[in-house]
Amino acid sequence: MTETSAASREARKRIRTDQPHTARIWNYWLGGKDNYPVDQAAGDQIRRLHPGIGDYALADRQFLGRAVRHLAGPCGIRQFLDIGTGLPTADNTHEVAQRVAPDSRVVYVDNDPIVLAQAEALLTSTPEGSTAYLDEDLRDIDAILEQAARTLDFSKPVALVLLGVVIFIEDDEEAYGVVRRLMDRLPSGSHLVLSHTITRPDMPDVDAAVAFWNENGTPKLTQRTPGAVSRFFERLELLEPGVVSCNRWRPDEGSGEVPAEVAMFGGVARKP
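As recorded in an unreviewed UniProt entry, the chain goes by SAM-dependent methyltransferase and comes from Streptomyces althioticus subsp. attaecolombicae.

Colleague: Break down the pattern of salt bridges for me, with residues and values.
Modeller: The final tally for this structure, using the stated rule, is 16 salt bridges. Note that Arg139 and Asp137 form a salt bridge whose closest N and O atoms lie 3.6 Å from each other. Classification of Asp137 by relative accessible area gives partly exposed; the value is 25%. The residue Asp202 makes a salt bridge to Arg200 at a minimum N-O spacing of 2.8 Å. One connected set of salt bridges, linked through shared partners, spans Arg200, Asp202, Arg248 and Glu261.

Colleague: Go over unusual backbone geometry, please, and point to the residues and values.
Modeller: Residue Pro241 is bonded to the preceding Glu240 through a cis peptide linkage, with omega at 10 degrees. Among the structural elements, Pro241 can be located in the loop between strand S6 (237-238) and strand S7 (244-245). The residue Arg235 is not glycine, and still its phi comes out positive at about 70 degrees. Mapped onto the secondary structure, Arg235 falls in the loop between helix H11 (226-230) and S6.

Conventions used here
Residues numbered from 1 in each chain as written. Predicted model: local features only at pLDDT ≥ 70, side-chain atom pairs only at ≥ 80, totals over all residues. Heavy atoms only, no water. Salt bridge = Lys/Arg side-chain N within 4 Å of Asp/Glu carboxyl O. Buried < 20%, exposed > 50% of the residue type's maximum accessible area, 1.4 Å probe, protein only. Helix = DSSP H or I, 4+ residues; strand = E, 2+ residues; numbered from the N terminus.

Next comes the structure, spelled out in C-alpha coordinates:
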(Lines give C-alpha, C1' and ligand atoms only; values in the text may rest on other atoms or scores of the structure.)
Protein backbone atom coordinates (compact mmCIF):
# COMPACT_ATOMS: atom_id res chain seq x y z
CA MET A 1 0.00 0.00 0.00
CA THR A 2 1.33 3.46 -0.85
CA GLU A 3 1.58 6.18 1.76
CA THR A 4 -1.23 8.05 0.02
CA SER A 5 -3.42 4.93 0.06
CA ALA A 6 -2.90 4.52 3.80
CA ALA A 7 -3.68 8.19 4.39
CA SER A 8 -6.78 7.94 2.21
CA ARG A 9 -8.05 4.94 4.14
CA GLU A 10 -7.51 6.69 7.47
CA ALA A 11 -9.14 9.88 6.19
CA ARG A 12 -12.29 8.02 5.17
CA LYS A 13 -12.81 7.05 8.81
CA ARG A 14 -13.01 10.75 9.72
CA ILE A 15 -15.57 11.73 7.07
CA ARG A 16 -18.94 12.68 8.51
CA THR A 17 -21.91 11.92 6.32
CA ASP A 18 -24.50 13.33 8.74
CA GLN A 19 -23.48 16.97 8.27
CA PRO A 20 -23.34 18.93 5.00
CA HIS A 21 -19.89 19.98 3.87
CA THR A 22 -18.78 22.80 1.59
CA ALA A 23 -16.56 20.71 -0.67
CA ARG A 24 -19.24 18.08 -1.23
CA ILE A 25 -21.98 20.66 -1.89
CA TRP A 26 -19.70 22.38 -4.40
CA ASN A 27 -19.13 18.98 -5.97
CA TYR A 28 -22.91 18.42 -6.11
CA TRP A 29 -23.50 21.76 -7.84
CA LEU A 30 -20.84 20.87 -10.39
CA GLY A 31 -22.56 17.57 -11.17
CA GLY A 32 -20.04 15.39 -9.33
CA LYS A 33 -20.69 12.17 -7.44
CA ASP A 34 -18.60 12.75 -4.31
CA ASN A 35 -21.48 13.91 -2.11
CA TYR A 36 -24.19 12.51 0.15
CA PRO A 37 -27.95 13.09 0.57
CA VAL A 38 -27.28 15.55 3.41
CA ASP A 39 -25.13 17.64 1.04
CA GLN A 40 -27.72 17.47 -1.72
CA ALA A 41 -30.47 18.60 0.67
CA ALA A 42 -28.41 21.55 1.90
CA GLY A 43 -27.37 22.40 -1.65
CA ASP A 44 -30.98 22.40 -2.80
CA GLN A 45 -32.02 24.59 0.16
CA ILE A 46 -29.27 27.10 -0.61
CA ARG A 47 -30.32 27.07 -4.26
CA ARG A 48 -33.90 27.88 -3.20
CA LEU A 49 -32.60 30.87 -1.24
CA HIS A 50 -30.38 31.92 -4.13
CA PRO A 51 -31.28 30.21 -7.43
CA GLY A 52 -28.08 31.29 -9.16
CA ILE A 53 -25.70 29.75 -6.64
CA GLY A 54 -24.87 26.81 -8.86
CA ASP A 55 -23.67 29.27 -11.48
CA TYR A 56 -21.03 30.46 -9.00
CA ALA A 57 -19.48 27.02 -8.77
CA LEU A 58 -19.36 26.76 -12.55
CA ALA A 59 -18.03 30.31 -12.97
CA ASP A 60 -15.27 29.66 -10.44
CA ARG A 61 -14.28 26.42 -12.17
CA GLN A 62 -14.22 28.03 -15.58
CA PHE A 63 -12.19 30.94 -14.20
CA LEU A 64 -9.62 28.41 -12.98
CA GLY A 65 -9.37 26.88 -16.44
CA ARG A 66 -8.96 30.20 -18.24
CA ALA A 67 -6.43 31.50 -15.72
CA VAL A 68 -4.30 28.34 -15.78
CA ARG A 69 -4.37 28.18 -19.58
CA HIS A 70 -3.20 31.79 -19.75
CA LEU A 71 -0.44 31.24 -17.20
CA ALA A 72 0.82 28.01 -18.77
CA GLY A 73 0.52 29.52 -22.24
CA PRO A 74 1.45 33.18 -22.86
CA CYS A 75 2.96 33.67 -19.38
CA GLY A 76 5.16 30.57 -19.59
CA ILE A 77 4.50 29.39 -16.04
CA ARG A 78 5.40 25.74 -15.48
CA GLN A 79 4.81 25.42 -11.72
CA PHE A 80 1.52 25.61 -9.82
CA LEU A 81 0.82 25.51 -6.08
CA ASP A 82 -2.93 24.96 -5.66
CA ILE A 83 -3.97 25.41 -2.02
CA GLY A 84 -7.50 24.49 -0.99
CA THR A 85 -7.94 22.45 -4.13
CA GLY A 86 -11.25 20.87 -3.12
CA LEU A 87 -12.60 17.63 -4.49
CA PRO A 88 -11.32 16.50 -7.88
CA THR A 89 -13.68 17.10 -10.77
CA ALA A 90 -13.32 17.79 -14.47
CA ASP A 91 -10.34 19.89 -15.56
CA ASN A 92 -8.26 20.02 -12.41
CA THR A 93 -5.28 22.37 -12.38
CA HIS A 94 -2.74 19.75 -13.49
CA GLU A 95 -4.97 18.58 -16.34
CA VAL A 96 -5.42 22.09 -17.71
CA ALA A 97 -1.77 23.06 -17.28
CA GLN A 98 -0.35 19.85 -18.72
CA ARG A 99 -2.58 20.04 -21.79
CA VAL A 100 -0.92 23.38 -22.55
CA ALA A 101 2.56 22.49 -21.29
CA PRO A 102 3.11 18.77 -20.60
CA ASP A 103 6.15 19.52 -18.40
CA SER A 104 4.06 21.48 -15.86
CA ARG A 105 4.57 20.57 -12.21
CA VAL A 106 1.61 20.88 -9.83
CA VAL A 107 1.33 20.55 -6.06
CA TYR A 108 -2.13 20.37 -4.49
CA VAL A 109 -2.66 21.26 -0.81
CA ASP A 110 -5.71 20.60 1.35
CA ASN A 111 -6.32 19.55 4.94
CA ASP A 112 -9.83 18.21 4.48
CA PRO A 113 -10.25 14.44 5.08
CA ILE A 114 -12.88 14.36 2.34
CA VAL A 115 -10.36 15.69 -0.16
CA LEU A 116 -7.52 13.57 1.20
CA ALA A 117 -9.61 10.45 0.70
CA GLN A 118 -9.85 11.36 -2.99
CA ALA A 119 -6.22 12.47 -3.35
CA GLU A 120 -5.17 9.47 -5.39
CA ALA A 121 -7.46 10.62 -8.19
CA LEU A 122 -5.37 13.79 -8.35
CA LEU A 123 -2.03 12.06 -8.41
CA THR A 124 -1.79 11.58 -12.15
CA SER A 125 0.58 13.35 -14.47
CA THR A 126 2.11 13.43 -17.91
CA PRO A 127 5.50 11.68 -18.11
CA GLU A 128 7.17 15.06 -18.61
CA GLY A 129 5.50 16.75 -15.64
CA SER A 130 4.75 15.96 -12.02
CA THR A 131 1.79 16.09 -9.64
CA ALA A 132 1.85 15.82 -5.84
CA TYR A 133 -0.60 16.23 -2.96
CA LEU A 134 0.04 17.63 0.54
CA ASP A 135 -2.16 17.26 3.60
CA GLU A 136 -1.55 20.68 5.19
CA ASP A 137 -3.44 23.72 6.43
CA LEU A 138 -3.32 27.00 4.47
CA ARG A 139 -1.94 28.80 7.52
CA ASP A 140 1.05 26.47 7.93
CA ILE A 141 3.13 28.19 5.28
CA ASP A 142 6.51 26.79 6.31
CA ALA A 143 5.29 23.19 6.15
CA ILE A 144 3.61 23.73 2.79
CA LEU A 145 6.64 25.28 1.15
CA GLU A 146 9.09 22.83 2.66
CA GLN A 147 7.17 19.84 1.34
CA ALA A 148 6.23 21.47 -1.98
CA ALA A 149 9.94 22.04 -2.63
CA ARG A 150 10.24 18.31 -3.29
CA THR A 151 8.28 18.90 -6.50
CA LEU A 152 8.62 22.62 -7.24
CA ASP A 153 11.73 24.73 -7.79
CA PHE A 154 11.16 27.91 -5.78
CA SER A 155 13.99 29.71 -7.56
CA LYS A 156 11.67 29.87 -10.58
CA PRO A 157 8.20 31.48 -10.94
CA VAL A 158 5.23 29.69 -9.39
CA ALA A 159 1.50 30.29 -9.81
CA LEU A 160 -0.18 30.32 -6.39
CA VAL A 161 -3.82 29.26 -6.80
CA LEU A 162 -6.25 30.15 -3.98
CA LEU A 163 -9.77 29.59 -5.24
CA GLY A 164 -12.52 30.02 -2.67
CA VAL A 165 -10.21 29.17 0.24
CA VAL A 166 -9.41 32.40 2.10
CA ILE A 167 -13.16 32.74 2.66
CA PHE A 168 -12.59 30.26 5.50
CA ILE A 169 -10.34 32.71 7.37
CA GLU A 170 -12.69 35.04 9.23
CA ASP A 171 -10.20 37.61 10.48
CA ASP A 172 -9.32 40.07 7.71
CA GLU A 173 -5.77 40.80 8.75
CA GLU A 174 -5.00 37.12 9.16
CA ALA A 175 -6.41 36.38 5.70
CA TYR A 176 -4.44 39.16 4.03
CA GLY A 177 -1.35 38.20 6.00
CA VAL A 178 -1.46 34.56 4.88
CA VAL A 179 -1.66 35.51 1.21
CA ARG A 180 1.05 38.16 1.61
CA ARG A 181 3.45 35.77 3.36
CA LEU A 182 2.96 33.13 0.70
CA MET A 183 3.63 35.58 -2.13
CA ASP A 184 6.64 37.01 -0.27
CA ARG A 185 8.23 33.57 -0.36
CA LEU A 186 7.80 33.20 -4.12
CA PRO A 187 10.26 34.67 -6.66
CA SER A 188 9.68 37.54 -9.05
CA GLY A 189 7.52 36.52 -12.00
CA SER A 190 5.25 34.36 -9.84
CA HIS A 191 1.50 34.87 -10.08
CA LEU A 192 -1.47 34.88 -7.71
CA VAL A 193 -4.82 33.42 -8.83
CA LEU A 194 -7.52 34.10 -6.22
CA SER A 195 -11.31 33.97 -6.04
CA HIS A 196 -13.63 34.92 -3.21
CA THR A 197 -17.36 35.08 -2.45
CA ILE A 198 -18.49 38.69 -2.19
CA THR A 199 -21.20 40.64 -0.44
CA ARG A 200 -22.84 43.63 -2.11
CA PRO A 201 -26.09 45.56 -1.48
CA ASP A 202 -27.60 44.50 -4.81
CA MET A 203 -27.10 40.79 -4.01
CA PRO A 204 -29.03 40.27 -0.74
CA ASP A 205 -30.02 36.71 -1.61
CA VAL A 206 -26.33 35.78 -1.50
CA ASP A 207 -26.12 36.97 2.10
CA ALA A 208 -29.18 34.88 2.97
CA ALA A 209 -27.65 31.78 1.39
CA VAL A 210 -24.36 32.28 3.26
CA ALA A 211 -26.21 32.83 6.54
CA PHE A 212 -28.09 29.57 6.03
CA TRP A 213 -24.85 27.78 5.31
CA ASN A 214 -23.08 29.14 8.37
CA GLU A 215 -25.94 27.98 10.56
CA ASN A 216 -26.10 24.48 9.11
CA GLY A 217 -22.85 23.52 7.41
CA THR A 218 -19.13 23.27 7.88
CA PRO A 219 -16.69 24.92 7.62
CA LYS A 220 -18.03 28.45 8.13
CA LEU A 221 -17.29 31.03 5.46
CA THR A 222 -16.74 34.78 5.33
CA GLN A 223 -17.90 37.14 2.61
CA ARG A 224 -15.96 40.28 1.66
CA THR A 225 -16.76 43.25 -0.54
CA PRO A 226 -15.21 43.50 -4.02
CA GLY A 227 -12.91 46.21 -2.67
CA ALA A 228 -11.80 43.96 0.17
CA VAL A 229 -11.08 41.15 -2.30
CA SER A 230 -8.93 43.54 -4.33
CA ARG A 231 -6.74 44.07 -1.25
CA PHE A 232 -5.37 40.53 -1.63
CA PHE A 233 -3.58 41.74 -4.77
CA GLU A 234 -1.83 44.73 -3.20
CA ARG A 235 1.83 45.16 -4.30
CA LEU A 236 1.17 42.91 -7.29
CA GLU A 237 0.60 43.76 -10.96
CA LEU A 238 -3.02 42.93 -11.77
CA LEU A 239 -3.65 41.42 -15.18
CA GLU A 240 -6.56 42.83 -17.17
CA PRO A 241 -9.48 43.04 -16.51
CA GLY A 242 -8.57 43.25 -12.80
CA VAL A 243 -10.69 41.84 -9.98
CA VAL A 244 -14.08 41.06 -11.50
CA SER A 245 -16.92 38.56 -11.43
CA CYS A 246 -15.25 35.24 -12.24
CA ASN A 247 -17.33 34.72 -15.36
CA ARG A 248 -16.15 38.12 -16.64
CA TRP A 249 -12.44 37.33 -16.35
CA ARG A 250 -11.42 36.94 -19.99
CA PRO A 251 -14.52 34.95 -20.98
CA ASP A 252 -14.27 32.65 -23.97
CA GLU A 253 -15.58 34.14 -27.18
CA GLY A 254 -19.27 33.47 -27.65
CA SER A 255 -22.30 35.56 -28.33
CA GLY A 256 -20.49 38.76 -27.46
CA GLU A 257 -22.94 39.49 -24.64
CA VAL A 258 -21.50 40.45 -21.25
CA PRO A 259 -22.40 37.67 -18.79
CA ALA A 260 -24.43 38.61 -15.72
CA GLU A 261 -22.25 39.01 -12.64
CA VAL A 262 -22.02 36.28 -10.03
CA ALA A 263 -21.06 36.88 -6.41
CA MET A 264 -17.74 35.08 -6.89
CA PHE A 265 -15.02 37.56 -7.81
CA GLY A 266 -11.47 36.75 -8.84
CA GLY A 267 -8.31 38.04 -10.38
CA VAL A 268 -4.82 37.16 -11.53
CA ALA A 269 -1.73 39.21 -10.70
CA ARG A 270 2.04 39.03 -11.26
CA LYS A 271 4.71 39.58 -8.64
CA PRO A 272 7.15 42.19 -10.00
